[in-house]
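Residue strings, one per chain:
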Amino acid sequence: MPVIYIENAPYEVKDGQNLLAASLSLGFNVPYFCWHPAMHSIGACRLCAVKQFRDENDHKGKIVMSCMTPATEGTRISISDPDAVKFRKSVIEWLMVNHPHDCPVCDEGGECHLQDMTLLTGHVYRRFRFKKRTYRNQYLGPFINHEMNRCIQCYRCVRFYCDYAGGRDLNVFGWHDNVYFGRHEDGFLQSEFAGNLVEVCPTGVFTDKTLKQHYARKWDLQTAPSVCVHCSLGCNTIPGERYGMLRRIRNRYNREVNGYFLCDRGRFGYEFVNHSARIKQPLIRRNGNLEPIARENILSELEPIIKSEAHIIGIGSPRASVEANYALRALVGPENFYQGTTQIEFDAVSLMVDVLRRGPAPSASLHDVERADAVLVLGEDVPNTAPIAALALRQSVMKKPLAISRQMKIDDWHDMAMREAIQDDYGPCFVAAPRATRLDDIATAVYRAAPDDIARFGFAVAHELDAQAPAVPDLSDDALGLAKRAAVALRNAERPLVVSGSGCMNASLIEAAARVAFALDSVGKSSNIFLVPSSCNSMGAAMLGGKPLDEVMEAAEKGAVDTAIILENDLYSKLGFARAEKFLSAVGKVIVLDSLATFTTERADIVLPAATFAESDGTLMNNEARAQRFFKVLAPEADVQESWRWLSDLLSFSGNNHHAGWKTLDELIADIAAHVRIFRLLPEVAPPADFRISGQKVPRQPHRYSGRTAMHAHIAVHEAEPPEDIDSPLAFTMEGYQSQPPSSLIAHFWAPYWNSIQSVTKFQSEVNGELAGGDPGKRLIEPARDKSITLPGRVPAALKVRSGEVLVVPAYHVFGSEELSSRAAGIAQLSPAPYVALNQADAEAQRLTDGDALELEISGKSHRLFLKVDPSLPPGVAALPAGLSGVPWDRSPFWYELKKMKKVSANVGDG
């Protein structure tokens, strides 16, 4: 490791860094604008200037840009040299020439990187007296507000949006000092990562429009460490609250998971917490209607039901916490606990857990995905089901071509030079999916087929890698040729990666992905596997055990279910309308715990108001079996409480000899660890509630928090007592330990001089490294790597197209397919209208054209959809949106007769 000298003191730094990253890693305050830790150097702003000296005898030196200068052995620099200080001060002054200086009304005020750097460089007096350059702002959709007059031309926005995230509808226009960053015309930003512009932009050009609707100054937001609930990746977030309302979501850095970024569903889907359909008090059915009832009275109604000899079953949920699912399992008994997923998804996720436990390939973190140099995607529409994984895959295709730039002696941090050297020479990435995905532009090759045929393709890749793997009969020449290409690329890679998931609702795809990983291991190639289940706690629910919904359907039809307790699960979205109606009609009593009104709560006899993620503490297991703790950011309203607390109340009525109910989250977690072996390390995921630093709790409110008394002035002039939190070491106050807590308890990023999100570098062990003390979360599954293990080797049969029928497979949309975020106004605005997609030939066979209005009967209910002709679909395969409002079905592939698609009118959609 090279030794550099800063202010004549020696420091050992990581090899391959530039001076800016090295200095920041060492804790020095070097100002910058255009540099970003994830996107590296471009040298556009000139703000990171330092004085470099040839040796210890050189006292004159020269000014260099630290972001563009390598930190090599013996390099000597001064950050505080008067010439460097003067230069940086002049840079900030010219960058601020056209800035409107509108901090008091700017939404970025209080966490603005421009404010921080202006003060850090000492620019305090404004001398410019001429007319300022001005621009017209654009409408960029429901998420992002545009204020171009604040721009300082750092180029971060287009570098992230175009170069890093692969967007194509935001760019830079103009020249010299008349540069415009925006779209060619007004319209919503099409990238699902556009919301990151809010944090990437160092000033207030791009700001959070959803926050603007209920704005609060950043220092008045109460925050807490949390985990995204809108897909299975477990991205770390920081929700912000004010006046009892959730107001925004920010990124919480975790190198192994989401790093510096979030997808727009995770960032803006939070508005469901504030939705008018929130259930905020217990409800009981009387005279056919659900009526409010007091908490103590509802418990009196529930006590005889729980104490009775009736057969009670519990239906868990892949979107409820580990603690809530376990509490339900403890209440009804393991033999009466159902995971809340249908057989087909149950099989897929159970197989995922089995594959991760038995090995040989470890589950890849998102950081591992970024580092992969050859990728095979089997059947998963990653940009829509796991968006941040798609962002990571976009970085992975740059890894193999880096050899080109390294041969030219270009450092990896020199972003512009590296991209110029690489051009569009992407690394190997093979994408097999039923229809086109937004990864196709970086794919080496794509394969379009039905799910079973994609699984066959995966088995063929495994066979090409290892002749002992099952052979695939009757594979087309094109598919076989592509399988051979993919096998060669994976075999020649240093870090091959196999990606699959439950999106196609086909366990054979998981098995095929596992086969490829086993085949790579058999030829001595260490690989990673990345499996994507459907929901935020699918893995946790599967690890608890239980049975699929199909079995409880059979029991209900036989009249064997007296009472069903349904945990945070809309059965209509899982079973489809007809099956859900049939099941609920066959059950004597239906008790539902949920936070939002759904079709299932409307059919319940008793509804208990469950807290959302923002109002509760608990644990979620992400797709790699990483357990992560989330903490409440606001205290729930009086009758709202965590699902596990409602279930604990019910458990106290049951007379259960093994579980007597739990008073605190720590008691519940200890019980889980004691009774479910796979969760034995669960108490280590985050510090317990009695954890203190210097005798102090960790504050949820920043030290600049203000107006606490004024918030309750309409009630009393005295400060209200903060809510008591018995479940975590976090306090609902600004008082407490103000320095850096353990990473799992970081509620906000702030450091002296650094009020913006850029302060995250002060919390890292080094720039782009893990957080000091380690990243949050704990992996509970590591592969056994047992060489004697054999996988079941059933290769599925090839799809045989039925005359006059199509196989309907699920189609996913990042905006609309996830049930909680779809209740957010901005997400709903960008969700597509209900449609069915057909191949051109299948549409023509029925004399249908793009945009025709159709009437379809799905799951026993008639729906009106429009036709979307999708040339990427293979013949005999149709696509129907999963989870989209207006299309309630069970997401499972099924055969559909084309003649049942009744044409209502022509060209009602835009196709």
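What you see is a predicted model; the values in this text were computed from it and never measured.

Some words on the overall build of the chain
- For the chain, the count of helices and strands is 28 helices and 37 strands.
- For 911 residues, the compact-globule formula gives about 29 Å, and the C-alpha radius of gyration of the chain, at 28 Å, lands near that figure.
- Along the three orthogonal principal directions, the C-alpha set of the chain runs to about 90 × 75 × 60 Å.
- Per-residue burial for the chain yields a buried fraction of 63% across its 911 residues.

Examining the layout of surface pockets
- Computed from the structure, the largest pocket encloses a volume of approximately 1,200 Å³.
- As for the largest pocket, its lining consists of 41 residues, of which His 40, His 367, Glu 370, Lys 399 and Asn 768 are closest to the centre.
- Elements that contribute at least two residues to the lining of the largest pocket include exactly α11 (366-371), α13 (387-396), α14 (402-407) and α15 (415-422).
- Residue-level mapping places the lining of the largest pocket at the junction of two domains, with at least three residues from each of domain 1 (3-96) and domain 3 (346-533).
- By volume, the second largest pocket amounts to about 900 Å³.
- Of the residues belonging to the lining of the second largest pocket, the class tally is 17 nonpolar, eight polar and twelve charged.
- Three or more residues apiece are contributed to the lining of the second largest pocket by two domains, here domain 3 (346-533) and domain 4 (805-903).

A look at the UniProt feature "domain: 4Fe-4S Mo/W bis-MGD-type" (unreviewed entry) in the chain
- As annotated in UniProt, the feature "domain: 4Fe-4S Mo/W bis-MGD-type" (unreviewed entry) corresponds to residues 221-277 in the numbering used here.
- The annotated region residues 221-277 carries 9% helix and 32% strand content, and the separation between its end C-alpha atoms amounts to 24 Å.

Observations concerning the packing of aromatic side chains
- For the structure on display, the rule yields 22 aromatic pairs.
- Where Phe 272 meets Phe 613, the ring centres are 6.1 Å apart and the plane angle is 40 degrees; that geometry is what we call tilted. Taken together, the residues Phe 272 in the loop between α7 (264-268) and β14 (283-286) and Phe 613 in the loop between β25 (606-609) and β26 (618-621) connect sequence positions 341 residues apart.
- The class for Phe 613 is buried, based on a relative accessible area of 9%.

Digging into unusual backbone geometry
- Note the cis peptide between Gly 359 and Pro 360, where omega equals 10 degrees.
- With respect to the helices and strands, Pro 360 occurs in the loop between α10 (343-358) and α11.
- For Gln 423, which is not glycine, the phi torsion reads 55 degrees and is therefore positive.
- Take Gln 423: it is sitting in the loop between α15 and β19 (429-433).
- Even without glycine at this site, Arg 847 takes up a positive phi of about 55 degrees.
- Among the structural elements, Arg 847 can be located in the loop between α28 (840-845) and β33 (853-858).
- Take Arg 847: its relative accessible area is 73%, and that puts it in the exposed class.

Some remarks on the packing of helix α20 (residues 549-557) against helix α22 (residues 577-586)
- Closest axis-to-axis distance for the α20/α22 pair is 9 Å, and the angle between their directions is 50 degrees. Here α22 runs oblique to α20, going by the angle between their axes. In this structure, α20 crosses over α22, and the sense of that crossing is left-handed. Within the contact between the two elements, α20 uses Asp 550, Val 552, Met 553, Ala 556 and Glu 557 and α22 uses Arg 579, Lys 582, Phe 583 and Ala 586.

Focus on the environment of Ser 41
- Its place among the elements puts Ser 41 in the loop between α1 (19-25) and β3 (49-53).
- Taking the C-alpha atoms as reference, Ser 41 lies 9.7 Å from Thr 69; in sequence the two are 28 residues apart.

Notes on the UniProt feature "domain: 4Fe-4S His(Cys)3-ligated-type" (unreviewed entry) in the chain
- UniProt feature "domain: 4Fe-4S His(Cys)3-ligated-type" (unreviewed entry): in the numbering of this structure it lies at residues 83-122.
- End C-alpha to end C-alpha, residues 83-122 measures 13 Å, and it is 55% helix and 0% strand.

Observations regarding the domain arrangement of the chain
- Domain annotation of the chain identifies domain 1 (3-96), domain 2 (283-341 + 540-679), domain 3 (346-533) and domain 4 (805-903).
- Here domain 1 and domain 3 have C-alpha centroids that lie 39 Å from each other.
- Taken together, the eleven residues of domain 1 in the interface contact six residues of domain 3.
- Summed over the three residues of domain 1 that lose the most area to domain 3, namely His 40, Ser 41 and Met 68, the buried surface amounts to 47% of that side.
- On inspection of domain 1 and its partner domain 3, the count reaches zero salt bridges.
- Joining domain 1 to domain 3, the criterion identifies two residue pairs in polar contact (both at pLDDT 80 or more).

Remarks on the sheet that holds β26
- Taken in spatial order, the three strands of this open sheet run β26-β27-β30, and their pairing is antiparallel. In the strand order of this sheet, the two ends are held by β26 and β30 (778-779), each with one partner.
- Judged from the two bridges that link them, strand β27 (residues 626-630) and β30 form a sheet pairing that is antiparallel. Bridge pairing in β30 links Ala 627 to Lys 778.

Observations concerning the pattern of salt bridges
- Within this structure, the stated rule accounts for 50 salt bridges.
- Between Asp 169 and Arg 183 there is a salt bridge, and its shortest N-O distance comes to 3.0 Å. In this pair, Asp 169 is assigned in the loop between α4 (156-164) and β7 (171-175) and Arg 183 in the loop between β8 (178-182) and α5 (197-200), connecting sequence segments 14 residues apart. In terms of burial, Asp 169 and Arg 183 fall into one category: buried.
- Two residues, Glu 855 and Arg 864, come together in a salt bridge whose shortest N-O distance is 3.7 Å.
- Given the relative accessible area of 54%, Arg 864 is considered exposed.
- The structure contains a network of salt bridges with shared partners spanning Asp 617, Lys 632, Glu 642, Arg 645, Arg 700, Asp 725 and Asp 727.

Side note on the nonpolar core
- Counting 98 residues, the largest nonpolar core has Val 461, Ile 565 and Phe 679 as its most contacted members.
- In terms of residue count, helix α18 (residues 507-522) provides more of this core than any other element does, nine residues in total.
- Residue contributions to this core reach at least three from each of two domains, namely domain 2 (283-341 + 540-679) and domain 3 (346-533).
- Beyond its immediate sequence surroundings of up to four residues, Phe 679 is in contact with Val 322, Gly 540, Met 543, Leu 544, Met 621, Ile 672, Ala 673 and Leu 780.
- Core analysis: the second largest hydrophobic core is formed by 93 residues, Leu 246, Leu 262, Val 273 and Ile 827 among them.

As for helix α17 (residues 477-492)
- With 16 residues, α17 extends 23 Å from end C-alpha to end C-alpha; this agrees with the ideal 22 Å at 1.5 Å per step.
- Against the buried residues of α17 lie β18 (374-378), β19, β20 (445-448), α16 (451-465), β21 (496-501) and α18.

Some details on empty space enclosed by the protein
- In total, this model carries 16 cavities of 30 Å³ or more according to the counting rule given.
- In this model, the largest cavity occupies a volume close to 360 Å³.
- Considering the residues around the largest cavity, the lining is formed by 26 residues, among which Ser 534, Ser 535, Ser 817, Glu 818 and Arg 891 are closest to the centre.
- Where the lining of the largest cavity is concerned, the elements lending two or more residues are α12 (382-385) and α21 (571-575).
- Partitioning the lining of the largest cavity into residue classes produces eight nonpolar, ten polar and eight charged.
- Put simply, the second largest cavity is a space of about 270 Å³.
- Forming the walls of the second largest cavity are 19 residues, and the residues nearest its centre are Glu 111, Arg 248, His 748, Phe 749 and Asn 755.
- Among the residues making up the lining of the second largest cavity, the classes are represented as eight nonpolar, six polar and five charged.

Here we look at α16
- Compared with the 21 Å implied by 1.5 Å per residue over 15 residues, the 21 Å span of α16 between its first and last C-alpha is a close match.
- For α16, the buried fraction is high: twelve of the 15 residues fall into the buried class.
- The set of residues buried in α16 consists of Pro 451, Asp 453, Ile 454, Ala 455, Arg 456, Phe 457, Gly 458, Phe 459, Ala 460, Val 461, Ala 462 and Leu 465.

Conventions we followed
Residues numbered from 1 in each chain as written. Predicted model: local features only at pLDDT ≥ 70, side-chain atom pairs only at ≥ 80, totals over all residues. Heavy atoms only, no water. Helix = DSSP H or I, 4+ residues; strand = E, 2+ residues; numbered from the N terminus. Rg over C-alpha atoms; globule rule 2.2 N^0.38 Å. Buried < 20%, exposed > 50% of the residue type's maximum accessible area, 1.4 Å probe, protein only. 1 Å grid on protein atoms, 1.4 Å probe; cavity = no way out; pocket = protein on both sides within 12 Å on 5 of 7 lines; lining within 4 Å. Points joined across faces, edges and corners; volume = space filled by probe spheres on them. Domains from an automatic or database assignment. Nonpolar A, V, L, I, M, F, W, Y, C, P; charged D, E, K, R; others polar. UniProt positions renumbered as here; feature names shortened; annotations may be inferred. Phe/Tyr/Trp six-rings, centres within 6.5 Å; stacked < 30°, edge-to-face > 60°. Axes fitted to C-alpha atoms, helices over the stretch in contact; angles between N-to-C directions. Parallel < 35°, antiparallel > 145°, perpendicular 65-115°, else oblique. Left-handed = near helix turned anticlockwise from the far one by under 90°. Contact = heavy atoms within 4.5 Å. Buried area = accessible area lost by both parts, 1.4 Å probe. Salt bridge = Lys/Arg side-chain N within 4 Å of Asp/Glu carboxyl O. Polar contact = N/O pair within 3.5 Å; in protein donor to acceptor, adjacent residues only side chain to side chain. Pairing = 2+ DSSP bridges. Core = buried A, V, L, I, M, F, W, Y, C linked by side-chain atoms within 4.5 Å. Expected span 1.5 Å × (residues − 1).

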